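# A structural walkthrough
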Amino acid sequence: MTIPGIDVASYQGPAPDLTGSAFVVIKATEGTSVLNDEQATQAAHARAADALLGFYHFLHPGDIAAQAAYFVAQAASVAGDTLWIDWETTEDGTYASCAEKDAMIAAVKGLRPGHRVGLYCNLDFWKSIDTTSDCGDALWIADPSSPAGRPAVEHPWTLHQYGLAGGIDRDVANFPTAEAMREWANPAAPKPPAPVYQPFPGASWFREGRVSPIVGRMHERLVAEGCDRYHSSLAKDLIGPGDVRSYEAWQAKCGFTGEAATWPPGPESWDRLHVPA
């Protein structure tokens, strides 16, 4: 499955048609002096449409460090935006070497370690000029001769530029959903910490006969807390009468009385038992 997107440069104007586009890649810079003067407006337009953004730099041969610095300084990128190196023939018929391409990817990655940094090129460059298969975090392949999402490369690809419509380059991204692409594009985003203790699964979960490793860990905690009313530790992953007696002993130890001290477990006593997740 793929999701649709486009890539644009200054000549598409400040507000290109984003209909149906989950992502937009915008030209930011070229060489060490060319700047897309529509970039900021195009980026704001895309963000307002909740499109995932990327920015690309048109690579020239030479001055790799200067080009990398110019790109990251001028690109209107924020956390979660992808960065791309556009490796193709320049207007004067020259092109960066494979070594320079690799150096540019590494330089941008070093300057912006929290971003995904990938490579754009066409089939001829990838198959005939590239010798390292270094595309950074992702390969964006231009192959208008193949159907969308089926570029003629063996290497794993992330974006496929497959055609032109309405004066705009059309692409697909190799993700099942826009949210999946957004998560991939933001590797620096903090992940919620894994729970230390098992969250309360709900009173109805505790029915006799249920088999789960959670039950076994509950069994071990009840024994550790001195509430062992089990006749055996065999089949401890299975909820049985021993779990009922032992847990009621635990609820009584916690100070619960009456109906509050009876099976099934409640959220307060469960949280206090500290069953490992």
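Look above for the structure.
Residues numbered from 1 in each chain as written. Predicted model: local features only at pLDDT ≥ 70, side-chain atom pairs only at ≥ 80, totals over all residues. Heavy atoms only, no water.

### Brief notes about the pattern of salt bridges
Tallying each qualifying case throughout the model produces nine salt bridges. Here D81 ties to R47 by a salt bridge, and the two come within 2.7 Å at their closest N and O atoms. In this pair, D81 sits in the loop between helix 2 (64-74) and strand 5 (82-86) while R47 sits in helix 1 (residues 39-48), placing the two residues 34 residues apart along the sequence. Among the salt bridges present, the one from K253 reaches E225, with a minimum N-O distance of 3.5 Å. Highlighted residues: K253 in helix 7 (residues 241-253) and E225 in the loop between helix 6 (213-224) and helix 7, separated in sequence by 28 residues. E225 gets classed as partly exposed once you look at its relative accessible area, which sits at 24%. Among the charged side chains, a network of salt bridges with common partners joins K101, D102 and D130. (Salt bridge = Lys/Arg side-chain N within 4 Å of Asp/Glu carboxyl O. Helix = DSSP H or I, 4+ residues; strand = E, 2+ residues; numbered from the N terminus. Buried < 20%, exposed > 50% of the residue type's maximum accessible area, 1.4 Å probe, protein only.)

### With respect to the side chain of R170
Within the secondary structure, R170 is located in strand 9 (residues 168-173). Despite its burial, R170 pairs with no opposite charge; the closest candidate is D17, at 5.6 Å N-O. The contacts of R170, once residues within four sequence positions are left out, are G5, I6, H160, Q161, Y162, G163, L164 and A165. (Lys, Arg positive; Asp, Glu negative; His and termini not counted. Contact = heavy atoms within 4.5 Å.)

### Some remarks on the environment of T29
Looking at the secondary structure, you find T29 in strand 2 (residues 23-30). A relative accessible area of 1% places T29 in the buried class. On a C-alpha basis, the gap between T29 and L59 in space is 8.7 Å, while along the polypeptide they are 30 residues apart. Residues within four places of T29 in sequence aside, it is in contact with V34, L35, Y56, H57, F58, Y70, F71 and Q74. One polar contact links T29 to H57, side chain to side chain, over a distance of 2.6 Å. (Polar contact = N/O pair within 3.5 Å; in protein donor to acceptor, adjacent residues only side chain to side chain.)

Purely geometric stuff here, so don't read any function into it on its own.
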